[in-house]
Amino acid sequence: MHETLALTPEMIWVLGILGLTIILFISELVRVDVAAVTIMMIIGLVGLIPGGPVLVPGDRLFSGFASNAVISIIAVIILGKALEKTGLMNKLALMILRWGGSTEQRIVPIISSTVGVISGLMQNVGAAALFMSVIKSISLRTQLPVSRMLMPMAFCAILGGTLTLIGSSPLILLNDLILASNTSLPDNVEPMKTFGMFDVTPIGLALIFSGVVYFTIFGRYVLPARKGSEEQGFSTVEYFRKLYGLKGDIFEVHVQQDSPLKGKTVSEAESLFGHRVAVIGLYQNRDMRISPAHDIIIETGAVLGLLGNREEVQDICKGMELKCFGVLRHFAEVLSSATAGISEVVVPPRSHMIGKSLQDIRMRKTFGTSVLAVNRGGQVIRGNLRDLPLQAGDTLVLHSLWEDLVVMEKNPDFVVISSDFPHEVILHEKLPHAVIISLITLGLVIFSDLRLSVSLMSGAIAMIVAGVLTMDEAYKSVSWQSVFLLASLIPLGLAMESTGTAAWVAIQTINLMGNVPVWVLQGAVAVLATVFTLLMSNVGATILLVPLAVNIAVLAGADPAMFALTVAISTSNSFLIPTHQVNALVMGPGGYKNADFMRAGWIMTMIFLVVSLVVLNIMF
């Protein structure tokens, strides 16, 4: 038996509040951020009760909001949003379209590993959201079920959070918790050193590799093959397909030497197609045009972006000496669902366009849009629309870049009624600024002695000053729910440490388990962290368990820093049920059920435990 520690009234209060925290998180009686703020205020108000102890000094109750971890998380989110706005992350995401081909065995590993690496440098939820549109596009063109790609991508996004010290909230929080625990270590124990930016990278690489290998080999056995829900992710595509017969599939075709399209205008080409498909992109002579004007001459070697039904496009390719590619190459970026798509625009009663034909208006040249159909009083008109005079109330179905649609919203001659499109304009010209700022920020994190929060926030402010983001956009990008959750739980961790509650629980745990090897204790800590992160947030689990793990390590004569890192890594082991934000994000679009996560997740959970513990012990 190890030493005993008397249970004090302060410990009893902290244990009671800890129990209430777990109950609130599991029951979901209130939102997790509301629960966390409530717990913080209870800790502060306990001292007002007659005979109640002061668990945390009043001047430290709100210190979590100014902590290094909270500021770092805010800065990381802003930096990720800035990179997304310049189109850099979208460029990286769409490069896999050129490498992945059309087979599941190639696409899944490329997507999963790419997302995993990107998640190490930005919040994993943002990385997963970025790739969802890419996966939907691949699914449309290859006919691969989206459910076979979304879950591997989501799992690897979570695994990628262990790649760097800014990859996930628990790892950002880790060094702060280590410094706090150092103040309570016995005099005979050397203070723990904090971790560097890439100290955890070998663990992250091993986990990402294991996840990719798992789904590459066993994905066909554990993943469902079903369509995603129409309500989440496919409603727009289904709407235009059912109402207008427009599937929204985009194909890239190359004009061969003997093609009858050679020397024809875009308008004449569409006539040859029988107006069954629309030319929405033209690349020739190194010139890229979206919604090309009708009078542009098509030359040999030109690349056309066609929108239409797969079977019709294939028939056209066979009959007109066109080489068809199912995967976009030249148009992968500019015609992705993140930058372009189908929308509806109404001609209002006082529009100056009434009575004019589309040829008179020159929609492609003036507004950068291709008109695919006209809905007039419930009658859908398709085919040759150039000479059709517009009437009040006509609904035009357009394909355009979203940035052109944003401009069109400001034109009083049209009313844009589609609302579910990105209203942000991609600032391609700011890409060099964003890259330079990101590299400098990374250099500060790695090579300077500045606190992590100072380095990252300097980069975030630089993005705003350089015009990559506005201040309002930066405010909107931050997940304030996550910020309040983290900042409000920090006082509970302080209370556990300062009152000796963590040490008391550690002693009881050691006495209960008896004389077991250190690696068994470490495994028990990893399993406990895994269970806690499934029941509550990974941030909450980290704050509560790091002090406990440190005390267990001290009592067992093990390395307390390794035990603390074990907790921070293991709180990313969240695959069994869709409680993690990333899993919740893909559940609807992938058409997944809880049973799907349990079927694929329990194996991934075991792999995570084994791989992370083995690499941790090899490293330390």
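Quick caveat: nothing in here was measured; it's all calculated off a predicted structure.

Here we come to the overall build of the protein chain. Check the secondary structure of the protein chain and you find 26 helices and ten strands. Computed over its C-alpha atoms, the radius of gyration of the protein chain comes to 28 Å, within 12% of the 25 Å expected for a compact globule of 620 residues. The principal-axis extent of the C-alpha atoms belonging to the protein chain is close to 90 × 50 × 45 Å. Counting the 620 residues in the protein chain, one finds 56% classified as buried. Pairs at least 24 residues apart make up 78% of the contacts formed inside the protein chain by residues separated by at least 6 positions. Only carbon and sulfur atoms are counted for the fraction: they give 61% of the accessible area of the protein chain, which is about 25,900 Å². Each charge sign in the protein chain was given a centre, from 40 positive and 44 negative side chains, and these centres are 9 Å apart.

It is worth spelling out the sheet that holds strand 5 (residues 322-325) at this point. Working definition: the strands of a sheet are paired by backbone hydrogen bonds and lie parallel or antiparallel to each other. Pairing within the open sheet is antiparallel, and its five strands lie in the order 3-2-4-1-5. Each of the sheet's edge strands pairs with one partner strand only, and the pair in question is strand 3 (287-290) and strand 5. Neighbour to neighbour, the strand axes of the sheet diverge by 25 degrees on average, direction disregarded. Relative to strand 3, strand 2 (residues 278-284) runs antiparallel, the two being bridged by four bridges. Paired with Y283 across the two strands is M288, which belongs to strand 3.

On to the pattern of salt bridges, then. One pass over the structure, following the stated rule, counts eight salt bridges. For the salt bridge of R31 with D33, the shortest nitrogen-to-oxygen distance reads 2.6 Å. The shortest N-O distance in the salt bridge between R376 and D394 comes to 2.7 Å. Linking R376 in strand 7 (residues 369-376) with D394 in the loop between strand 8 (379-381) and strand 9 (395-401), this pair joins segments that are 18 residues apart in sequence. What makes R376 buried here is its relative accessible area of 18%. When salt bridges with common partners are traced through the structure, they connect D295, R362 and K365 into a single cluster.

A word on the nonpolar core. M153, L486, F563 and L565 are the most contacted members of the largest nonpolar core, which has 138 residues in total. At twelve residues, helix 23 (residues 538-556) tops the list of elements feeding residues into this core. Leave out the neighbours within four places in its chain, and L486 touches A69, V70, I73, L173, V539 and I543.

With that settled, consider the sheet that holds strand 8. Strand order in the open sheet formed by five strands is 8-7-9-6-10, and the pairing between neighbours is antiparallel. The two strands at the open ends of the sheet, each matched to only one other strand, are strand 8 and strand 10 (415-416). Note: strand 7 against strand 8, three bridges, orientation antiparallel. Looking at the pairing, N375 lines up with V380 of strand 8.

The subject of this paragraph is the confidence of the model for the protein chain. The share of residues in the protein chain with pLDDT of 70 or more is 90%, and the mean pLDDT across the chain is 84. Every residue in residues 229-235 scores below 50 in pLDDT, and together they form 14 contacts with partners more than four places removed in sequence or on other chains.

The next thing to look at is unusual backbone geometry. In the Ramachandran plot, E321 falls in the positive-phi region, its phi being about 55 degrees despite a non-glycine side chain. Position of E321 among the secondary structure elements: in the loop between helix 13 (310-319) and strand 5. Taking relative accessible area as the criterion, E321 reaches 42% and is therefore assigned partly exposed. Although it is not a glycine, R362 adopts a positive phi angle of roughly 55 degrees. Within the secondary structure layout, R362 lies in the loop between helix 14 (358-361) and helix 15 (363-367).

Let us now look at the pairing of strand 7. Burial of strand 7 is extensive: eight of the eight residues sit out of reach of the surface. Sheet topology note: the strand 7/strand 9 ladder contains six bridges and is antiparallel. Among the inter-strand pairings, A373 is bridged to a residue of strand 9, identified as V397. Between strand 7 and strand 8, which follow one another and run antiparallel, lie two residues, and G377 among them has a positive phi close to 60 degrees.

Our next topic: a nonpolar patch on the surface. Taken together, the side chains of F209, V213, I217, F218 and Y221 make up a nonpolar region of the molecular surface, amounting to roughly 540 Å² of accessible area. Position of I217 relative to the elements: it lies in helix 10 (residues 201-222). Take I217: its relative accessible area is 44%, and that puts it in the partly exposed class.

Moving on, we come to helix 2 (residues 32-45). The end-to-end C-alpha separation of helix 2 is 20 Å, in line with the 20 Å expected for 14 residues at 1.5 Å each. Among the structural elements, helix 1 (9-27) and helix 20 (480-498) are those in contact with the buried residues of helix 2.

Direction vectors running N to C along helix 8 (residues 147-160) and helix 10 enclose 165 degrees, while the axes themselves pass 9 Å from each other. Overall, the two elements helix 8 and helix 10 adopt an arrangement that is roughly antiparallel. Between helix 8 and helix 10 lies a crossing of right-handed hand. Counted together, R148, P152, F155, C156, L159 and G160 of helix 8 and L207, I208, G211, V212, F215, G219 and R220 of helix 10 form the full contact between these two elements. When its residues are assigned to classes, the contact of helix 8 with helix 10 shows eight nonpolar, three polar and two charged.

About the criteria used
- Residues numbered from 1 in each chain as written.
- Predicted model: local features only at pLDDT ≥ 70, side-chain atom pairs only at ≥ 80, totals over all residues.
- Heavy atoms only, no water.
- Helix = DSSP H or I, 4+ residues; strand = E, 2+ residues; numbered from the N terminus.
- Rg over C-alpha atoms; globule rule 2.2 N^0.38 Å.
- Buried < 20%, exposed > 50% of the residue type's maximum accessible area, 1.4 Å probe, protein only.
- Contact = heavy atoms within 4.5 Å.
- Areas by Shrake-Rupley, 256 points an atom, 1.4 Å probe, with all protein chains shown as cover.
- Lys, Arg positive; Asp, Glu negative; His and termini not counted.
- Charge placed at Lys NZ, Arg CZ, Asp CG, Glu CD.
- Pairing = 2+ DSSP bridges.
- Axes fitted to C-alpha atoms, helices over the stretch in contact; angles between N-to-C directions.
- Salt bridge = Lys/Arg side-chain N within 4 Å of Asp/Glu carboxyl O.
- Core = buried A, V, L, I, M, F, W, Y, C linked by side-chain atoms within 4.5 Å.
- pLDDT = per-residue confidence, 0-100.
- Patch = residues over 30% accessible without salt bridge, like charges linked within 9 Å, V, L, I, M, F, W, Y side chains within 5 Å.
- Expected span 1.5 Å × (residues − 1).
- Parallel < 35°, antiparallel > 145°, perpendicular 65-115°, else oblique.
- Left-handed = near helix turned anticlockwise from the far one by under 90°.
- Nonpolar A, V, L, I, M, F, W, Y, C, P; charged D, E, K, R; others polar.

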